[in-house]
Amino acid sequence: MSEAPAATAAAATAAAAAVGHMPASELSVDLHAGFVKRQSEDTDTIEYVLTEHLRMSGVYWGLTGMHLLGRLDDMDGDGIVAWVMTCWHGCGGFGGSEGHDPHVLYTLSAVQVLALYNRMDLLDRDAIARYVASLQLPDGSFTGDEWGEVDTRFSYCALSCCKLIGRMEAINVEKAMEYIASCKNFDGGFGCTPGGESHAGQIFTCVGALAIGGGLQHVDADLLGWWLCERQVKAGGLNGRPEKLPDVCYSWWVLSSLSILKRLHWIDQGALARFILRCQDPQKGGISDRPNDEPDVYHTFFGVAGLSLMGFPGLKAVDPVYALPTEVVQRLGLYE
Ligand code: GRG
């Protein structure tokens with residue numbers, strides 16, 4: 001059911017133009033930059049306390065969002081880099097906050113933050129590679145930490161991390177690809193473990209990991225592309241699986257996967273962009289999961305990143321595989 005190349009190219013151009021021609025002023029860049037900065041400074045709030053365990057990823061979301069908005073310089077880069085290094089453990093992994101145990105997700109987030117600031121020189125790449133390799137099981141899967149939970153999210157984190165630090169040889173990439181392929185379902189999607197329900201978030205991790213490890217031949221791009229574009233609901237937003245509510249974060253999980261599969265134009269990008277723009281808080285800034293909900297840094301980042309993937313004017317480009325600004329990915333030579 002592949003479309004003829006000429007029709008595909010024409011549809012892609014038309015879809016990109018729909019968003020690329022929207023007025024840049026519809027995205028409240030100043031308000032969103034102010035929102036992200038305040039979230040990092042207001043350390044007395046209940047939200048700040050309750051998110052301590054995942055701070056490293058929160059910092060990555062906030063900073064990548066700021067970079068895409070062209071406002072990374074508003075942040076205290078030196079202070080952030082110093083804080084990241086306080087979360088490092090001698091075993092090679094990073095914790096989610098100072099004094100927290102290491103985990104492959106926070107190790108990836110820490111590496112991503114240092115990549116954003118071009119401070120990868122601070123990393124002990126061999127120690128990180130040994131830590132990530134220690135989490136791989138004989139079937140090719142990865143645990144998140146020493147406690148043994150297996151999930152395709154951790155496969156993505158491991159592969160992305162090793163690629164960013166230039167240590168792919170530390171892990172068994174072929175087995176990693178085989179394990180992810182074993183998580184593929186009849187509908188073309190992927191779950192957390194073999195037989196797990198297809199979910200857009202897991203699909204990003206599997207398609208992204210397969211892209212990094214050279215295993216995209218395991219994806220049925222037409223079947224999965226169809227499942228992914230079925231995620232668009234009447235309001236224009238995307239859900240993560242059938243019969244669920246739309247949520248701005250799926251603007252990333254779904255769209256990045258479609259982009260990797262070169263099928264971004266299979267959804268109505270104009271309608272999705274308008275849905276994301278309706279989720280902006282016009283008073284305090286930030287983007288929420290759905291219109292009129294409370295904004296947070298997670299949805300702000302994934303909303304901005306989704307708009308960036310669709311070519312919204314004024315935003316820097318984001319890479320769909322690494323979820324980092326294209327200029328950072330180019331600087332690291334990840335596609336060379
Ligand atoms: C570098 C971007 C990046 C990611 C690192 C951790 C990870 C790798 C990816 C997470 C992928 C994932 C599973 C995302 C989904 C998150 C989410 C919104 C889960 C909610 O699930 P439900 O079941 O929500 O509560 P629904 O929408 O199905 O009702």
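Looking at an unreviewed UniProt entry, one finds the protein chain named Geranylgeranyl transferase type-2 subunit beta, with Mantoniella antarctica as its source organism. Listed in UniProt under the heading Catalytic activity (unreviewed entry), the comment for the protein chain reads: "geranylgeranyl diphosphate + L-cysteinyl-[protein] = S-geranylgeranyl-L-cysteinyl-[protein] + diphosphate". Listed in UniProt under the heading Sequence similarities (unreviewed entry), the comment for the protein chain reads: "Belongs to the protein prenyltransferase subunit beta family."

Undergrad: What should I look at first to understand the pattern of salt bridges in this one?
TA: Pairing is possible between side chains of opposite charge, provided their charged atoms come close. Enumeration over the complete set of coordinates arrives at 13 salt bridges. Note that Asp151 and Arg153 form a salt bridge whose closest N and O atoms lie 3.0 Å from each other. Assessed through its relative accessible area of 36%, Arg153 is described here as partly exposed. For Glu197, the salt bridge is made with Arg241, and the minimal N-O distance between the two is 2.9 Å. One end of the pair, Glu197, is in the loop between α9 (173-181) and α10 (200-213); the other, Arg241, is in the loop between α11 (221-229) and α12 (250-260), and 44 residues separate them in sequence. Taken together, the shared-partner salt bridges connect Asp30, Arg71 and Asp74 into one network.

Undergrad: Hey, could you run me through the layout of surface pockets in this one?
TA: Considered as a void within the structure, the largest pocket measures approximately 840 Å³ in volume. Taken together, 31 residues line the largest pocket, and the ones lying closest to its centre are Gln39, Ser40, Tyr48, Thr51 and Val297. Considering every element that reaches the lining of the largest pocket, the biggest residue donor is helix α2 (residues 29-41), with seven residues. Residue composition of the lining of the largest pocket, grouped by class: 13 nonpolar, eight polar and ten charged. Each pocket or cavity is described by its volume, and for the second largest pocket that value is around 550 Å³. Lining the second largest pocket are 26 residues, with Trp61, Leu105, Arg153, Trp253 and Phe302 sitting closest to its centre. Here the lining of the second largest pocket is built from residues that sort into 18 nonpolar, seven polar and one charged.

Undergrad: For this particular structure, what's the right way to read the site of the ligand?
TA: Taken together, the neighbourhood of the ligand is formed by 16 residues, with His199, Gln202, Arg241, Lys244 and Tyr250 sitting nearest. Between the ligand and Lys244, the relevant distance is 3.0 Å, taken from an oxygen atom to a side-chain nitrogen or oxygen of the residue. In the environment of the ligand, an oxygen atom lies 2.7 Å from a nitrogen or oxygen atom belonging to the side chain of Tyr250. Compared with its free state, where it exposes 750 Å², the ligand has 74% of that area covered by protein.

The rules we used
- Residues numbered from 1 in each chain as written.
- Predicted model: local features only at pLDDT ≥ 70, side-chain atom pairs only at ≥ 80, totals over all residues.
- Heavy atoms only, no water.
- UniProt positions renumbered as here; feature names shortened; annotations may be inferred.
- Salt bridge = Lys/Arg side-chain N within 4 Å of Asp/Glu carboxyl O.
- Buried < 20%, exposed > 50% of the residue type's maximum accessible area, 1.4 Å probe, protein only.
- Helix = DSSP H or I, 4+ residues; strand = E, 2+ residues; numbered from the N terminus.
- 1 Å grid on protein atoms, 1.4 Å probe; cavity = no way out; pocket = protein on both sides within 12 Å on 5 of 7 lines; lining within 4 Å.
- Points joined across faces, edges and corners; volume = space filled by probe spheres on them.
- Nonpolar A, V, L, I, M, F, W, Y, C, P; charged D, E, K, R; others polar.
- Near = heavy atom within 4 Å.
- Polar contact = N/O pair within 3.5 Å; in protein donor to acceptor, adjacent residues only side chain to side chain.
- Areas by Shrake-Rupley, 256 points an atom, 1.4 Å probe, with all protein chains shown as cover.

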